[in-house]
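Geometric and topological summary
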Amino acid sequence: MRRITWVLAIIMSVALLLTGCGKKDSASIVKDLNDVADKLESKQGAYQGSGTMTLYTGEQPQEYKVEVWYKNPSYYRISLSNVQKDITQIVLRNDDGVFVLTPSLNKSFRFQSDWPDNQGQVYLYQTMVRGITSDNNRQFVDDKDSYVFEVAANYQSPALIRQKIWLDKKSYAPKQVQVSDSEAKVVVNVKFDSFDFNPKFAEDSFDMKKNMTSQTPSESTVAQIDENGNPVVSAEGEASEEPAMAELGDFGIIEPQYIPVGVTFKDSHKIEGSKDHAVLIRYDGIYQYTIMEARPLDRAVSLVPGEGIDLGFTVGLLSGDEQQTLTWMTEGMEYRITSSNLPVTEMIQIAASMQGQSGK
């Protein structure tokens, strides 16, 4: 009898051990993710993903089709297509710098920056891994075919507090990311429908001219200005100019939904004689700043140097020292927030609140 009891105990122990095999805890997954990150830094490191990103920062949710390409050492191509307005922007990084392209409007600008190094972009796999591995207070759930982590958000906007990340159990590919504010309200939601760690990119996949589709060098709208805003002079002594596009007319003023506490609207006026129909909006109070809105006629200038700032729907350029300017383009419009005392975090929130607004 004792022998039978002993045998049954051994069988039950082995059964329990086998049941436990195959299940991973948070620590073992973090170790695996570090290995995946190391592979991405290797010579063959690359990935390609696509999905849908929804932003809940404006009057209505804004939905974007997202494509993310990465190739070691630092080549990126992020395509963001506005579903409602059928306009695509491409954020591109290659050996020549960082570009923001709007191929359908033949618009682009370039700046020298280390974007996206040490910055958070919700749709980048490196950002997800860094968020999980760096948070020692991470929360973990084993949910059917996904590993789910809830960790601190590591983005430039202070409004983004927590993020929830779903990873495929077999490949650790991302399935979904939700970023929430201090009230646990989802601000950004990304759902991936495909993700490949072994993509095959063409040799010119990260080339600026290629990504401007059929544009030839003579038709390109990329121009350069110096830090004072003057056209760069070519070797022949002539300023770089591009063919002008047809004038598109006035547009409705876009007013931000978000205004910092202690700040009030001061005034707004159209800049007389401006061919791009530029409008200036001024705010006063604890912070003093202006917002310029314009519809560029002939080109979007190449701005140098500066810092790339993730705005969710595109990447903006932060330039200047004592007086800083955040510049971005979306849907054929150029926006600039300029101030000597407005924090960058506030600039980001203002810019986000303008996206998807209708003009007045």
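In this text, all values refer to a predicted model and were calculated from it rather than measured experimentally. The residue numbers shown here count from 1 along each chain, following its written sequence. The predicted nature of this model means local features are confined to residues of pLDDT at least 70 and side-chain atom pairs, given and counted, to a pLDDT of 80 or more, with totals for whole chains, interfaces and linings taken over all residues. Side-chain descriptors were evaluated using all non-hydrogen atoms of the structure, hydrogens and water having been removed beforehand.

Attention now goes to unusual backbone geometry. With omega at 10°, the peptide bond leading from Asn 72 into Pro 73 counts as cis. Tracing the backbone through its elements, the reader meets Pro 73 in the loop between strand 2 (62-71) and strand 3 (75-82). The step from Trp 115 to Pro 116 runs through a cis peptide bond, and the omega angle for that step is 0°. Even without being a glycine, Tyr 172 presents a positive backbone phi close to 65°. Elements are defined by DSSP. Helices are runs of H or I of four residues or more, strands are runs of E of two residues or more, and each kind is numbered from the N terminus. Topologically, Tyr 172 is positioned in the loop between strand 9 (162-168) and strand 10 (174-180). Working definition: with a 1.4 Å probe on protein chains only, accessible area under 20% of the residue-type maximum means buried, over 50% means exposed, and in between means partly exposed. We classify Tyr 172 as buried; its relative accessible area is 8%. One non-glycine residue, Ala 184, adopts positive backbone phi at about 65°. Take Ala 184: it is sitting in the loop between strand 10 and strand 11 (186-196).

Should DSSP find at least two bridges between two strands, the strands are regarded as paired. With antiparallel pairing, the 7 strands of this open sheet are ordered in space as 13-14-15-20-19-18-17. Either end of the sheet is taken by a strand with one partner, and the two such strands are strand 13 (263-270) and strand 17 (307-310). Mean inter-strand twist for the sheet, computed between neighbouring axes without regard to direction, equals 20°. Pairing of strand 17 with strand 18 (residues 315-319), which is carried by 4 bridges, proceeds in the antiparallel orientation. Among the inter-strand pairings, Gly 308 is bridged to a residue of strand 18, identified as Leu 317. Sheet contacts for helix 5 (residues 344-354): strand 15 (289-294), strand 17, strand 18, strand 19 (324-330) and strand 20 (333-339); angle to strand 19, the most-contacted strand, approximately 25°. Comment: axis = line fitted to C-alpha atoms, over the contacting stretch for helices; angle = value between 0 and 180 degrees taken between N-to-C directions. By definition, residues are in contact when any of their heavy atoms lie within 4.5 Å.

Interpretation in functional terms is not warranted from these geometric data alone.
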